[in-house]
Amino acid sequence: MNLPNKTLSHLRCMECGNTHDLNEPVYVCGKCGGLLDVVHDLETLRPYISKEIFDSRLGSLDAPYNSGVWRFKELVFPGIADEAIITRHEGNTGLYTAPKKLAAWTGASRMMLKHEGENPTGSFKDRGMTGGITHAMLVKASSVLCASTGNTSASMASYAALAGVQALVFFPYGNIAMGKLAQSIAYGAINVQVKGDFDASLSLVRQACPEFGIYLLNSVNPFRLEGQKTIVFEMLQQRRWKVPDWIVLPGGNLGNSSAFGKGLYELYQLGLIEKMPRIAIIQAAGAAPFYQSYQENFAERHAVKANTIATAIKIGNPASFIKAKRTLSYTNGVVEAVTDQEIVDAKAMVDSSGIGCEPASAASVAGVRKLIQQGVIQPDEDIVAVLTGHVLKDADTVINYHAETLESLNSPYANKLRVIDPTLEAVESLIRGEKMPTR
Ligand SMILES: *Cc1c(COP(=O)(O)O)cnc(C)c1O
Ligand SMILES: [Zn+2]
């Protein structure tokens, strides 16, 4: 069924309501600098959107409908021609039932894990990047720029190479996880360390893009958030559209938190879901400005100097602050903060369950545990925690945790590397010592 030949989406400023055409290369309001939303004409689109249509594409072998983003095209970028889409068949990530031991550790009786680390470059950023790069090509960009703690750059470098445009990345100085940096170098981006933290890099990107005519691919770009909405769409589809009580996710720059709220609200308006789940946004205690503001009922917008082992959420002044606040109001949401110790312990539990994730992702699981302990989440509620990145992204943290060499952190769940002589006696005493089951 072909969509009607009319304008199906436009950009609208959250602050002043000013609108822009989708063909303009803008990411913030031309009038006031506020954040833009991609607004879809849901009334016109309504007959073209249903669970059945989305489900019918699940067996698709061909691009773009074999992508876990573009399967939901009518709610992502309805007006784009299929041939114009830059895709790596992203999405289609696993939804696991948490193994008993892991669930018990959090106190939950029913927890599922949506593993966004199973995307092509190992994080959910690919879902946003396919939307962002597709729009970049639509407006004929020749180069793209982002500030990144590592995953955005890995994703952008990959999709830019695929589309044939030059990628430029600004990293914060120091503290980049090796797996992420390696990807960005491998995919051919121009990689630069900017003397300052992530927030300084992002601020520089926002000045440099309009100045030099480079396309901006940080999550202030609203087309990224349209792609990231599909994390919840796909998760609901995998649950046969049964809405959970809670969706729990880590919050750094708060792009994902913003995307989840917008996507759920659209599904609700269209009648594809009959109730809204509650969203819990989990920040690292050393990078928790949104949590601080939440605790004060948003009397003030905080910014901090960020410090946490979870580098993907080491962000002191979240760009999508206001949109994430909107998510809280749409979903009766909550915000919590977890310490680095809680993060690395939760990560050790997720990892040893066989599923594995990077540190920032484990904030979700640490958050579930904390919110159950506090009585905010009930143990018998239906919970989905989002794992945002792959275990191999930050191998250093894994090795150091298990070697008990993480600075000022303990390793209660350490799995030590052993060394033996190459003799059968040594193997025998190892097996005895470990009480390892044998025949
Ligand atoms: C980007 C990222 C986050 C944080 O997402 P925001 O949208 O910035 O809040 C969390 N975890 C991982 C692995 C990420 O790559
Ligand atoms: Zn405006």
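The paragraphs below set out a description of the structure included in this document. (Residues numbered from 1 in each chain as written. Chains lettered and ligands numbered in written order. Predicted model: local features only at pLDDT ≥ 70, side-chain atom pairs only at ≥ 80, totals over all residues. Heavy atoms only, no water.)

## Digging into the coordination of the zinc ion (ligand 2)
Moving on, step 1. At this site the zinc ion (ligand 2) is bound by C13 (SG), C16 (SG), C29 (SG) and C32 (SG), with donor distances of 2.2 to 2.3 Å.
Moving on, step 2. Taken together, the four donor atoms coordinating the zinc ion (ligand 2) span angles of 101 to 117 degrees at the metal, a pattern that classifies the geometry as tetrahedral. (Donors = N, O, S within 2.8 Å, 3.2 Å for Na, K, Ca; no water. Tetrahedral: all angles 85-135°; square planar, octahedral: opposite > 155°, others 65-115°.)

## Details of the sheet that holds strand β11 (residues 278-284)
Moving on, step 1. Here six strands make up an open sheet; going across it, the order is β4-β5-β13-β10-β11-β12 and the pairing mixed. Edge positions in the sheet fall to β4 (95-97) and β12 (334-338), since each of these pairs with one other strand and no more. Here the strands of the sheet are splayed against their neighbours by 25 degrees on average, with no regard to which way each runs.
Moving on, step 2. The pairing of strand β10 (residues 246-250) with β11 spans five bridges and is classified as parallel. When the sheet's bridge partners are listed, P250 is paired in β11 with I282.
Moving on, step 3. Taken strand by strand, helix α10 (residues 255-270) contacts β10, β11 and β13 (382-387), and its axis lies near 155 degrees from that of β10.
Moving on, step 4. The sheet contacts of helix α12 (residues 321-331) involve β11 and β12, and relative to β11 the element is tilted by about 145 degrees. (Pairing = 2+ DSSP bridges. Helix = DSSP H or I, 4+ residues; strand = E, 2+ residues; numbered from the N terminus. Axes fitted to C-alpha atoms, helices over the stretch in contact; angles between N-to-C directions. Contact = heavy atoms within 4.5 Å.)

## A few points about a nonpolar patch on the surface
Moving on, step 1. Residues I420, L424 and V427 make up a contiguous nonpolar surface patch of roughly 280 Å² in combined accessible area.
Moving on, step 2. Counting through the fold element by element, L424 comes out in helix α16 (residues 424-433). (Patch = residues over 30% accessible without salt bridge, like charges linked within 9 Å, V, L, I, M, F, W, Y side chains within 5 Å. Areas by Shrake-Rupley, 256 points an atom, 1.4 Å probe, with all protein chains shown as cover. Salt bridge = Lys/Arg side-chain N within 4 Å of Asp/Glu carboxyl O.)

## Looking at helix α13 (residues 340-352)
Moving on, step 1. Under the 1.5 Å per step criterion, the end-to-end length of α13 is 18 Å for 13 residues, consistent within 8% with the ideal 18 Å.
Moving on, step 2. Looking only at α13, the buried set comprises I343, V344, D345, A346, K347, A348, M349, V350 and D351.
Moving on, step 3. Structurally, α13 contributes buried residues whose contacts are with α3 (100-106), β11, β12, α14 (359-373), β13 and α15 (395-402).
Moving on, step 4. At the C-terminal side of α13, G354 shows a positive phi close to 100 degrees. (Expected span 1.5 Å × (residues − 1). Buried < 20%, exposed > 50% of the residue type's maximum accessible area, 1.4 Å probe, protein only.)

## Looking at the pattern of salt bridges
Moving on, step 1. One pass over the structure, following the stated rule, counts 24 salt bridges.
Moving on, step 2. Residues D351 and K347 are paired through a salt bridge, measuring 2.7 Å at the closest nitrogen-oxygen approach. Placement of the pair is D351 and K347 together in helix α13, with a separation of four residues, close to one helical turn. Note on accessibility: D351 and K347 belong to one class, buried.
Moving on, step 3. Linked by salt bridges that have partners in common, R71, K114, E116, R127 and E234 make up one network.

## With respect to the site of ligand 1
Moving on, step 1. Near ligand 1, the surroundings consist of 16 residues, among which K125, N151, G252, N256 and T388 are the closest.
Moving on, step 2. Backbone polar atom of N253 to an oxygen atom of ligand 1: 2.9 Å apart, as the coordinates give it.
Moving on, step 3. Between ligand 1 and G255 there is a distance of 3.1 Å, counted from an oxygen atom to a backbone nitrogen or oxygen.
Moving on, step 4. Of the residues in the shell around ligand 1, the class split is six nonpolar, eight polar and two charged. (Near = heavy atom within 4 Å. Polar contact = N/O pair within 3.5 Å; in protein donor to acceptor, adjacent residues only side chain to side chain. Nonpolar A, V, L, I, M, F, W, Y, C, P; charged D, E, K, R; others polar.)

## Some details on the sheet that holds strand β2 (residues 19-20)
Moving on, step 1. Spatially, β2-β1-β3 is the arrangement adopted by the three strands of the open sheet, whose pairing is antiparallel. The two strands at the open ends of the sheet, each matched to only one other strand, are β2 and β3 (36-40).
Moving on, step 2. In this structure, strand β1 (residues 9-13) lies alongside β3, joined through five bridges in antiparallel fashion. Paired with H10 across the strands is V39, a residue of β3.

## Thoughts on α15
Moving on, step 1. Among the residues of α15, T397, Y401 and H402 are the ones counted as buried. The buried residues of α15 all sit within an arc of 120 degrees when viewed along its axis, so they share a single face.
Moving on, step 2. Where α15 is buried, its residues meet α13 and α14.
Moving on, step 3. The first or second residue beyond α15 is E404, which carries a positive phi of 55 degrees. (Arc of directions from axis to C-beta.)

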